[in-house]
Amino acid sequence: DFDNDGLEDAFEDGWLFRRRDGGHLEPVLEQPATAVAFGDADHDGDLDLYVGREGPDLLLVNSGGRGFLPAEGLPPVEGRTVAAVWSDIDNDRDLDLVALRAGAPAALLYNERLGRWRAEELETGPGTSLWVGDADGDGWMDLQAGERRFRNVGGRFRLDTGPRGSPPAGRRLEIRLRGRRSNRDGLGARLTLAAGRWRATAELQRPGPLIFQVPGERPLDYLRVRWPSGVLQVETGLSLPGEVLLEELDRKGTSCPILYAHDGERWRFVTDFLGGSAVGHLLAPGVWNTPDPDEQVKVPGALLAARDGRLRVLAVNQLEEVIWFDRFALLAVPHEPASEVHPDERLAATVEGMPSPRILETRDATSLAAVDGAGLDCSDLVRECDGRWPDGFRLLPYKGYGELHHLELDLGRLSPEGRQFLFLDAWIDYSDSTSNLAAAQAGVTCVPPRLEVPDGRGGWRVALEDLGFPAGLTKTMTREVTGLWDPADPRLRIVTNLRIYWDRVRAGHALEVPPGRTRRARPVGARLFRLGYPRGYDANDCAPDELWARHAGTYTPLGDVLALLREADDRFVTTMNGDAIELTFTADALLAGIPEGHTVDFVLQTEGFGKDMDLNSAVPFTVDPLPFHGMTAYPPPLPAAPLEEAWAGRRVESLEEGLDWRRARQGGIR
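If you're wondering where the values come from, they're calculated on a predicted model, not measured in any experiment.

Rules of the game
- The numbering scheme is per chain: residues are counted from 1 as the chain's sequence reads.
- Local features in this predicted model are restricted to residues whose pLDDT is 70 or higher, and side-chain atom pairs enter the listing and the counts only when it is 80 or higher, whereas totals over whole chains, interfaces and linings include all residues.
- Excluded from the side-chain calculation are hydrogens and water; included are all heavy atoms of the structure.
- Between any two strands, at least two bridges found by DSSP are needed for them to pair.
- Per the convention used, a helix needs a DSSP run of H or I reaching at least four residues, while a strand needs a run of E reaching at least two, with both numbered from the N terminus.
- Salt bridge criterion: a side-chain nitrogen from Lys or Arg within 4 Å of a carboxyl oxygen from Asp or Glu.
- Relative accessibility thresholds used throughout: buried, under 20% of the residue-type maximum; exposed, over 50%; partly exposed, between the two (1.4 Å probe, protein chains only).
- Put simply, two rings from Phe, Tyr or Trp (the six-membered ring, in Trp's case) pair if the centres are within 6.5 Å, and we call them stacked under 30 degrees between planes, edge-to-face over 60, tilted for the rest.
- Two conditions define a charge located above a ring, namely a distance within 6 Å from the ring centre to NZ of Lys or CZ of Arg, and an angle within 35 degrees of the ring normal.
- The term polar contact refers here to a pair of N or O atoms within 3.5 Å; inside protein, the definition further demands a hydrogen-donor-capable atom paired with an acceptor-capable atom, and it admits residues adjacent in sequence only when both atoms are side-chain atoms.
- Think of each axis as a best-fit line through the C-alpha atoms, taken over the contacting stretch in the case of a helix, with angles from 0 to 180 degrees between the N-to-C directions.
- In what follows, a disulfide is any cysteine sulfur pair within 2.5 Å.

Asker: What exactly am I supposed to notice about the sheet that holds strand β48 (residues 559-560) here?
Answerer: Backbone hydrogen bonds hold the strands of a sheet together, and the pairing may be parallel or antiparallel. Ordered in space as β24-β23-β28-β50-β44-β48, the 6 strands form an open sheet in which the pairing is antiparallel. Of all strands in the sheet, those with a lone pairing partner are β24 (267-272) and β48, marking the two edges. Sheet topology places strand β23 (residues 258-262) next to strand β28 (residues 310-317); 4 bridges connect them, and they run antiparallel. In the sheet register, A261 faces β28, and the bridge partner there is V313.

This is the structure we're talking about:
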């Protein structure tokens, strides 16, 4: 199913066919071949095609609506290829390829990702049959070509001359896969079945079921699946013999750290933060992001209260990423109850559009009339911040992307006097490196939010090219529109193709809170500890184990980390998922002398960096190299100088170290 439409396509007699509704086959591509292998070579969620030929082989990359395009950078495989199999032969989570050639050594093409390949040869001898699988149960894919067997020892094939065993008899388990973010067939998925000390690992290399024979009478402990998308999934409670349809979980492996505040009684969820801090994030082929390591987030006063003279907040790394925390500070912003204060909680598409550290105060922010792109009145949906928002646009098959859509606003009730601002409460379903790659291959370009106004001729013109977008979960963006709109035609519209959901849309007049009115304090305590994984954004109820891999490398030791968090100096607290930092601030330093009758909200100032495990991100599986302020690229041309505090810590040697598979039931069985 190369187009992921749920219909089985075909390759036959040198032709690739697409199956249409009604069952008929439509020719798509003529490609004479001596061998073919389908697999997701670039891990973008659709199947690519390796074509063995009488001459240089081809890798055809599935580019969505633009068809199959020849890959660049593939080492030449000459001669006549008689068989080809995709397999992760070096256990680095991506698909490599074995091509068996007549009268020549087999070609081993190691996938270095992002269009990079490394070629080796393996002398296999005569024969035209090729099998790749885990013959000895050690989790490494072995190989048989013709009559010769090779054992995979740490990613290198060694000729196996030992006695041949017979396939074990046992209870049959037939497993079919259905991908969601991965290709629909699940090709390239790796499955591990465990029962006591017995283990069996297999890869899905061709459409259809995988069949395991489980020896003995012991019940199964778990089935573990590593999908081509990188999602790890575990199922327990399987019966033998049996048949299983397993659907890939739609799980979000990466986002941002989560902030909680203590209200004097319990932890309260605030929001996520450091949304712009990602390093190695692919925007398009060959184009990488510029991280924005500093951010301000509002902590409403109702969520943060003193206890024993201290104010406490909690920063939690609870997804599949490494977070480097560098600095924290807390601002108290007193104001009259009739006014609101807001930092600018947005990200920008350009360095020039990045928000300033200002805090605005408004007294008259008022909801606006709104109409979506279909002409539907959405005013009621954007009146309150209540979890309802316009969502009538069509989603594209690339995470984070939708069709081009807009929200039209009417500023008719806003006076053109003074400084005018938009106050936009919204959240974003982020794209990631893989979806950006897939979108770019299909010819889809990211359109960050822009602000348009009527051009006086029945159309629209751009008034603000980089409006910005919300920094993760629901936050308040502030954008000045003074001089950008015409009171004679007070309409404006926000245009984007990102999955942004506007929860509340208001406009009003505002002034910047003078720095002398705020109180700023650095933490007086910072403790790094293992919290676990909050259930439903509730830090009072945490699971001890979760199904997240960890970047291999060194993490900061648990305990007192205050010295690393008081200044932005690239002396990081390096955290893995399940880690949390409890920060304490002296209440008197922030609250003493607040004028009577005033209320107080807080703003947390943070700096840091983060990195996910997306297969198409830069250096996605190790803590190293460390980022630093001022770096011009990631990985940086020169590594950051190692610091004693950051390196004398906890070691994680492998990506899946410490995972408790038995306790990580995920529930994807159909």
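Asker: So what exactly am I meant to see when it comes to the pattern of salt bridges here?
Answerer: When charged atoms on two side chains of opposite charge get close, those side chains can pair. Overall, the coordinates contain 50 salt bridges when judged by the stated rule. The salt bridge partner of E452 is R493, with a shortest N-O separation of 2.7 Å. Taken together, the positions of E452 in strand β37 (residues 450-454) and R493 in strand β41 (residues 491-498) put the pair 41 residues apart, joining distant regions of the chain. A relative accessible area of 18% means that R493 is categorised as buried. Linked through salt bridges whose partners overlap, the residues forming this network are D3, R18, R20 and E26.

Asker: Can you help me understand the packing of aromatic side chains in this one?
Answerer: Aromatic ring pairs are defined here through the distance separating the ring centres and the angle between the ring planes. As enumerated under the stated definition, the model contains 16 aromatic pairs in all. When the centroid spacing of 6.1 Å and the interplanar angle of 50° are considered together, the rings of W389 and Y501 count as tilted. Taken together, the residues W389 in the loop between β34 (369-372) and β35 (401-410) and Y501 in strand β42 (residues 500-512) connect sequence positions 112 residues apart. The exposure class of W389 is partly exposed, given its relative accessible area of 23%. Counting every residue linked through ring pairs, the aromatic cluster contains W389, F393, W427 and Y501. Above the ring of Y110, the side-chain terminus of R118 is found at 4.3 Å from the ring centroid. One cation-aromatic arrangement involves R527 over F529; the distance from NZ or CZ to the ring centre is 4.1 Å.

Asker: For this particular structure, what's the right way to read the side chain of S617?
Answerer: Of note, S617 is situated in the loop between β51 (599-612) and α3 (644-647). At 2.9 Å, the side chain of S617 forms a polar contact with the side chain of D612.

Asker: So what exactly am I meant to see when it comes to the sheet that holds strand β16 (residues 171-178) here?
Answerer: Judged by pairing direction, the sheet is mixed, and its 3 strands sit side by side in the order β19-β16-β22 without closing on themselves. Either end of the sheet is taken by a strand with one partner, and the two such strands are β19 (210-214) and β22 (242-247). The average undirected angle you get between the axes of adjacent strands in this sheet is 25°. Here 6 bridges tie β16 to β22, and the two strands are oriented parallel to one another. Bridge pairing links L177 to L246 in β22.

Asker: Sorry, what's going on with the state of the cysteines here?
Answerer: Simply put, disulfide is the name for a covalent bond between the sulfur atoms of two cysteines. Under the counting rule described, the total for this entry stands at 0 disulfides. The cysteine C378 is free of any disulfide, with C385 supplying the nearest cysteine sulfur at 16 Å. Not part of a disulfide, C542 finds its nearest cysteine sulfur in C256, a span of 18 Å.

Asker: Help me understand the environment of G536 in this model?
Answerer: Position of G536 among the secondary structure elements: in the loop between β45 (533-534) and β46 (542-543). For the pair G536 and F269, spaced 267 residues apart in sequence, the C-alpha separation works out to 9.7 Å.

Asker: What am I meant to see in unusual backbone geometry here?
Answerer: What is expected of a backbone is that most residues other than glycine have negative phi and most peptide bonds are trans. Backbone torsion omega between D624 and P625 reads -10°, so that peptide bond is classified as cis. Cis geometry marks the peptide bond from Y634 to P635; its omega dihedral reads 0°. Its identity is not glycine, yet R93 carries a phi of approximately 80°, on the positive side. Secondary-structure assignment places R93 in the loop between β8 (81-87) and β9 (96-101). Given a relative accessible area of 7%, R93 falls into the buried group. Of note in the backbone geometry, L274 takes a positive phi value of approximately 60° without being a glycine.

Function cannot be read off these values alone, since they describe shape.
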